[in-house]
Amino acid sequence: MTSLLRTVEFLALSLWLGSDVFLSFVVAPGAFRVLAPNRDQAGAIVGFSLTRMHLGGIALGILFLLVRLVRARSFAALVSPAAVCVVLMVVLTAISQYTVSARMAVLRVQMGSIQATGADSPLLAEFSRLHGISVALESGVLLAGFAVMYLMVRELTAGR
(Lines give C-alpha, C1' and ligand atoms only; values in the text may rest on other atoms or scores of the structure.)
Protein backbone atom coordinates (compact mmCIF):
# COMPACT_ATOMS: atom_id res chain seq x y z
CA MET A 1 0.00 0.00 0.00
CA THR A 2 2.88 2.37 0.80
CA SER A 3 4.29 1.96 -2.71
CA LEU A 4 0.93 2.76 -4.26
CA LEU A 5 0.57 5.91 -2.14
CA ARG A 6 4.11 7.04 -2.98
CA THR A 7 3.31 6.47 -6.64
CA VAL A 8 0.25 8.72 -6.35
CA GLU A 9 2.40 11.40 -4.67
CA PHE A 10 4.96 11.26 -7.48
CA LEU A 11 2.23 11.17 -10.12
CA ALA A 12 0.41 14.21 -8.68
CA LEU A 13 3.63 16.21 -8.53
CA SER A 14 4.77 15.06 -11.98
CA LEU A 15 1.48 15.95 -13.62
CA TRP A 16 1.54 19.39 -12.03
CA LEU A 17 5.15 20.11 -12.97
CA GLY A 18 4.68 18.67 -16.44
CA SER A 19 1.65 20.84 -17.14
CA ASP A 20 3.48 23.92 -15.90
CA VAL A 21 6.53 23.23 -18.04
CA PHE A 22 4.38 22.38 -21.09
CA LEU A 23 2.29 25.54 -20.77
CA SER A 24 5.30 27.78 -20.13
CA PHE A 25 7.63 26.42 -22.78
CA VAL A 26 5.31 24.98 -25.46
CA VAL A 27 1.73 26.30 -25.35
CA ALA A 28 2.40 29.97 -24.59
CA PRO A 29 5.26 30.52 -27.04
CA GLY A 30 3.48 28.38 -29.65
CA ALA A 31 0.22 30.31 -29.35
CA PHE A 32 2.01 33.63 -29.78
CA ARG A 33 4.07 32.33 -32.71
CA VAL A 34 1.21 30.66 -34.60
CA LEU A 35 -1.29 33.43 -33.90
CA ALA A 36 1.30 36.22 -34.28
CA PRO A 37 -1.01 38.48 -36.27
CA ASN A 38 -3.57 38.35 -33.45
CA ARG A 39 -1.92 38.56 -30.04
CA ASP A 40 -5.33 38.92 -28.37
CA GLN A 41 -6.37 35.43 -29.53
CA ALA A 42 -3.03 33.99 -28.44
CA GLY A 43 -3.48 35.63 -25.03
CA ALA A 44 -7.00 34.19 -24.77
CA ILE A 45 -5.69 30.68 -25.43
CA VAL A 46 -2.89 31.06 -22.90
CA GLY A 47 -5.27 32.57 -20.32
CA PHE A 48 -7.73 29.71 -20.77
CA SER A 49 -4.94 27.14 -20.46
CA LEU A 50 -3.42 28.88 -17.45
CA THR A 51 -6.72 28.82 -15.58
CA ARG A 52 -7.12 25.09 -16.20
CA MET A 53 -3.52 24.46 -15.19
CA HIS A 54 -3.96 26.47 -11.98
CA LEU A 55 -7.12 24.65 -10.97
CA GLY A 56 -5.56 21.30 -11.80
CA GLY A 57 -2.41 22.21 -9.87
CA ILE A 58 -4.36 23.17 -6.78
CA ALA A 59 -6.32 19.91 -6.95
CA LEU A 60 -3.13 17.89 -7.47
CA GLY A 61 -1.43 19.67 -4.57
CA ILE A 62 -4.33 18.88 -2.26
CA LEU A 63 -4.31 15.26 -3.47
CA PHE A 64 -0.57 15.08 -2.79
CA LEU A 65 -1.01 16.36 0.76
CA LEU A 66 -3.93 14.03 1.51
CA VAL A 67 -2.09 10.99 0.19
CA ARG A 68 1.01 11.95 2.18
CA LEU A 69 -1.12 12.24 5.30
CA VAL A 70 -2.72 8.83 4.72
CA ARG A 71 0.64 7.20 3.95
CA ALA A 72 2.38 8.60 7.03
CA ARG A 73 -0.65 8.30 9.31
CA SER A 74 0.53 11.41 11.09
CA PHE A 75 -0.06 15.13 10.78
CA ALA A 76 3.70 15.52 11.18
CA ALA A 77 3.95 14.50 7.52
CA LEU A 78 2.38 17.83 6.62
CA VAL A 79 5.31 19.74 8.08
CA SER A 80 7.97 17.75 6.26
CA PRO A 81 10.03 19.87 3.86
CA ALA A 82 8.38 18.28 0.81
CA ALA A 83 4.87 18.93 2.12
CA VAL A 84 5.72 22.51 3.06
CA CYS A 85 6.99 23.09 -0.49
CA VAL A 86 3.73 21.68 -1.90
CA VAL A 87 1.74 23.99 0.38
CA LEU A 88 3.86 26.87 -0.94
CA MET A 89 3.10 25.74 -4.51
CA VAL A 90 -0.65 25.69 -3.78
CA VAL A 91 -0.51 29.14 -2.17
CA LEU A 92 1.50 30.67 -5.04
CA THR A 93 -0.85 29.10 -7.57
CA ALA A 94 -3.94 30.37 -5.75
CA ILE A 95 -2.48 33.89 -5.56
CA SER A 96 -1.69 33.76 -9.26
CA GLN A 97 -5.14 32.51 -10.21
CA TYR A 98 -7.40 34.43 -7.86
CA THR A 99 -5.59 37.76 -7.62
CA VAL A 100 -3.10 38.30 -10.45
CA SER A 101 -4.89 36.49 -13.30
CA ALA A 102 -8.26 37.84 -12.17
CA ARG A 103 -6.95 41.42 -12.27
CA MET A 104 -5.33 40.81 -15.66
CA ALA A 105 -8.67 39.56 -17.02
CA VAL A 106 -10.38 42.77 -15.84
CA LEU A 107 -7.70 44.86 -17.52
CA ARG A 108 -8.09 42.84 -20.74
CA VAL A 109 -11.80 43.68 -20.80
CA GLN A 110 -11.13 47.35 -20.02
CA MET A 111 -8.60 47.60 -22.86
CA GLY A 112 -10.79 45.74 -25.34
CA SER A 113 -7.68 44.74 -27.25
CA ILE A 114 -4.23 44.52 -25.76
CA GLN A 115 -2.76 44.57 -29.23
CA ALA A 116 -4.57 47.81 -30.13
CA THR A 117 -3.84 49.54 -26.82
CA GLY A 118 -1.26 52.32 -27.02
CA ALA A 119 2.15 51.64 -25.52
CA ASP A 120 1.72 54.64 -23.20
CA SER A 121 -1.55 53.35 -21.71
CA PRO A 122 -1.56 53.03 -17.90
CA LEU A 123 -3.82 49.98 -18.32
CA LEU A 124 -1.21 48.28 -20.49
CA ALA A 125 1.54 49.25 -18.04
CA GLU A 126 -0.43 47.68 -15.19
CA PHE A 127 -1.11 44.58 -17.30
CA SER A 128 2.61 44.23 -18.05
CA ARG A 129 3.47 44.64 -14.36
CA LEU A 130 0.97 41.94 -13.41
CA HIS A 131 2.30 39.69 -16.18
CA GLY A 132 5.75 39.96 -14.61
CA ILE A 133 4.30 39.00 -11.22
CA SER A 134 2.51 36.06 -12.84
CA VAL A 135 5.75 34.82 -14.40
CA ALA A 136 7.55 35.17 -11.05
CA LEU A 137 4.81 33.20 -9.27
CA GLU A 138 4.92 30.42 -11.87
CA SER A 139 8.71 30.33 -11.58
CA GLY A 140 8.35 29.97 -7.82
CA VAL A 141 5.92 27.08 -8.30
CA LEU A 142 8.34 25.34 -10.66
CA LEU A 143 11.33 25.82 -8.37
CA ALA A 144 9.39 24.60 -5.33
CA GLY A 145 8.16 21.63 -7.39
CA PHE A 146 11.70 20.68 -8.38
CA ALA A 147 12.67 20.92 -4.71
CA VAL A 148 9.78 18.61 -3.79
CA MET A 149 10.87 16.08 -6.38
CA TYR A 150 14.42 16.13 -5.02
CA LEU A 151 13.18 15.81 -1.43
CA MET A 152 10.93 12.89 -2.32
CA VAL A 153 13.77 11.05 -4.03
CA ARG A 154 15.97 11.75 -1.02
CA GLU A 155 13.26 10.32 1.27
CA LEU A 156 13.21 7.13 -0.79
CA THR A 157 16.97 6.74 -0.80
CA ALA A 158 17.06 7.35 2.97
CA GLY A 159 14.68 4.40 3.37
CA ARG A 160 11.74 6.31 4.76
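Here, every reference points to the structure presented above.
Residues numbered from 1 in each chain as written. Predicted model: local features only at pLDDT ≥ 70, side-chain atom pairs only at ≥ 80, totals over all residues. Heavy atoms only, no water.

**A closer look at the packing of helix H2 (residues 39–72) against helix H4 (residues 122–157)**
Relative to each other, H2 and H4 sit at 25 degrees, their axes nearing to 14 Å. When the interaxial angle is binned, H2 and H4 end up roughly parallel. For H2 against H4, the interelement crossing comes out left-handed. Seen from H2, the contacting residues are Leu 50, Met 53, His 54, Phe 64, Arg 68 and Arg 71; seen from H4, they are Ser 134, Glu 138, Val 148, Met 152 and Glu 155. When its residues are assigned to classes, the contact of H2 with H4 shows five nonpolar, two polar and four charged. (Axes fitted to C-alpha atoms, helices over the stretch in contact; angles between N-to-C directions. Helix = DSSP H or I, 4+ residues; strand = E, 2+ residues; numbered from the N terminus. Parallel < 35°, antiparallel > 145°, perpendicular 65-115°, else oblique. Left-handed = near helix turned anticlockwise from the far one by under 90°. Contact = heavy atoms within 4.5 Å. Nonpolar A, V, L, I, M, F, W, Y, C, P; charged D, E, K, R; others polar.)

**What about the nonpolar core?**
Ranked by internal contacts, the top residues of the largest apolar core, which has 30 residues, are Leu 13, Trp 16, Phe 64, Val 86, Met 89, Val 148 and Met 152. Sorting the residues of this core by element identifies helix H1 (2–34), H2, helix H3 (81–111) and H4 as the ones contributing at least two each. By residue number, the principal contributor to this core is H3, which donates eleven residues. If we ignore the near neighbours within four places in the chain, the residues touching Trp 16 are Gly 57, Ile 58, Leu 60, Gly 61, Met 89, Val 90, Thr 93 and Val 141. (Core = buried A, V, L, I, M, F, W, Y, C linked by side-chain atoms within 4.5 Å. Buried < 20%, exposed > 50% of the residue type's maximum accessible area, 1.4 Å probe, protein only.)

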